[in-house]
Amino acid sequence: MAASEHLAALLDERGIKHRVLNARQDAQEAEIIAQAGQLGHVTVATNMAGRGTDIKLGPGVEELGGLHVIATEHHDARRIDRQLFGRCGRQGDAGSYELIASLEDHFLATFKKTTFGRLATVSNRTGRSVSHRIGDLFAAGAQRKAQRRYTAARKELLRFDESLESAMAFSGKGE
């Protein structure tokens, strides 16, 4: 939510009219989504906002290329990134997407000791940007590592739950 509000503040500074859709606009969510596909509308949203709702393109939008989705950070699950990018071409509508991310992104910062972290350090020192292809490869690697960590944590929790159930078996049948 903080990232969407920060981006909204930057758009305000530049005089770009927009709407924000995050957990604070529950009551207006349907209206904001309905307007998101209209010509000239900018909507800043979190990755959870408006899930399950198709954005209808307004008159003249498809002729200009359709809905354009800009992601400003990687998510720890590539699946979530793909869902976000999928917003731009629902129901066969035209659309496009792009990812504008920093090597200092919160998610990527958790992998500083990896090759990706070393790449970020070199990029910062030299002032040169990293190509999109290299950045995508390293981000995909970081996402795979995150998924492995989450899977291991879920397995450990399941093992703990099973051992607790076994230890408590003496108390009789559970609920």
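What you are looking at is a predicted structure, and each value in this text was computed from that prediction instead of being measured.

Caption draft 1: Molecular detail of the overall build of the protein chain. Assigned secondary structure in the protein chain consists of 6 helices and 4 strands. Each helix and strand of the protein chain, placed in order from N terminus to C terminus, yields the pattern α-β-α-β-β-α-β-α-α-α. In the protein chain, once contacts between residues fewer than 6 apart in sequence are set aside, the share between residues at least 24 apart is 53%. For the protein chain, the accessible surface area stands at approximately 12,200 Å², while carbon and sulfur atoms represent 54% of it.

Caption draft 2: Examining the pattern of salt bridges more closely. The final tally for this structure, using the stated rule, is 3 salt bridges. Two residues, R14 and E13, come together in a salt bridge whose shortest N-O distance is 3.7 Å. You'll find R14 and E13 in the same group, each marked exposed.

Caption draft 3: Region of the structure containing the nonpolar core. Of all hydrophobic cores here, the largest spans 8 residues; its members are L21, I32, I33, A36, I55, L67, V69 and C88. Counting only elements with at least two residues in this core, the list comes to α2 (29-36) and β3 (67-71). Apart from the residues within four sequence positions on either side, C88 is in contact with L67, V69, D93, A94, G95, S96 and Y97. Judged by nonpolar contacts, the second largest core, of 5 residues, contains L108, A139, A142 and A146.

Caption draft 4: Looking closely at a positive patch on the surface. Side chains of R78, R79, R82, R144, K145, R148 and R149 sit close together on the surface and give a patch of like positive charge. Broken down by secondary-structure element, the contributors of at least two residues to the positive patch are α3 (78-86) and α6 (132-167). Broken down by element, the residue count for the positive patch peaks at 4 residues, all from α6. You can see K145 is positioned in helix α6. Judged by its relative accessible area of 33%, K145 is partly exposed.

Thresholds applied
Residues numbered from 1 in each chain as written. Predicted model: local features only at pLDDT ≥ 70, side-chain atom pairs only at ≥ 80, totals over all residues. Heavy atoms only, no water. Helix = DSSP H or I, 4+ residues; strand = E, 2+ residues; numbered from the N terminus. Contact = heavy atoms within 4.5 Å. Areas by Shrake-Rupley, 256 points an atom, 1.4 Å probe, with all protein chains shown as cover. Salt bridge = Lys/Arg side-chain N within 4 Å of Asp/Glu carboxyl O. Buried < 20%, exposed > 50% of the residue type's maximum accessible area, 1.4 Å probe, protein only. Core = buried A, V, L, I, M, F, W, Y, C linked by side-chain atoms within 4.5 Å. Patch = residues over 30% accessible without salt bridge, like charges linked within 9 Å, V, L, I, M, F, W, Y side chains within 5 Å. Lys, Arg positive; Asp, Glu negative; His and termini not counted. Charge placed at Lys NZ, Arg CZ, Asp CG, Glu CD.

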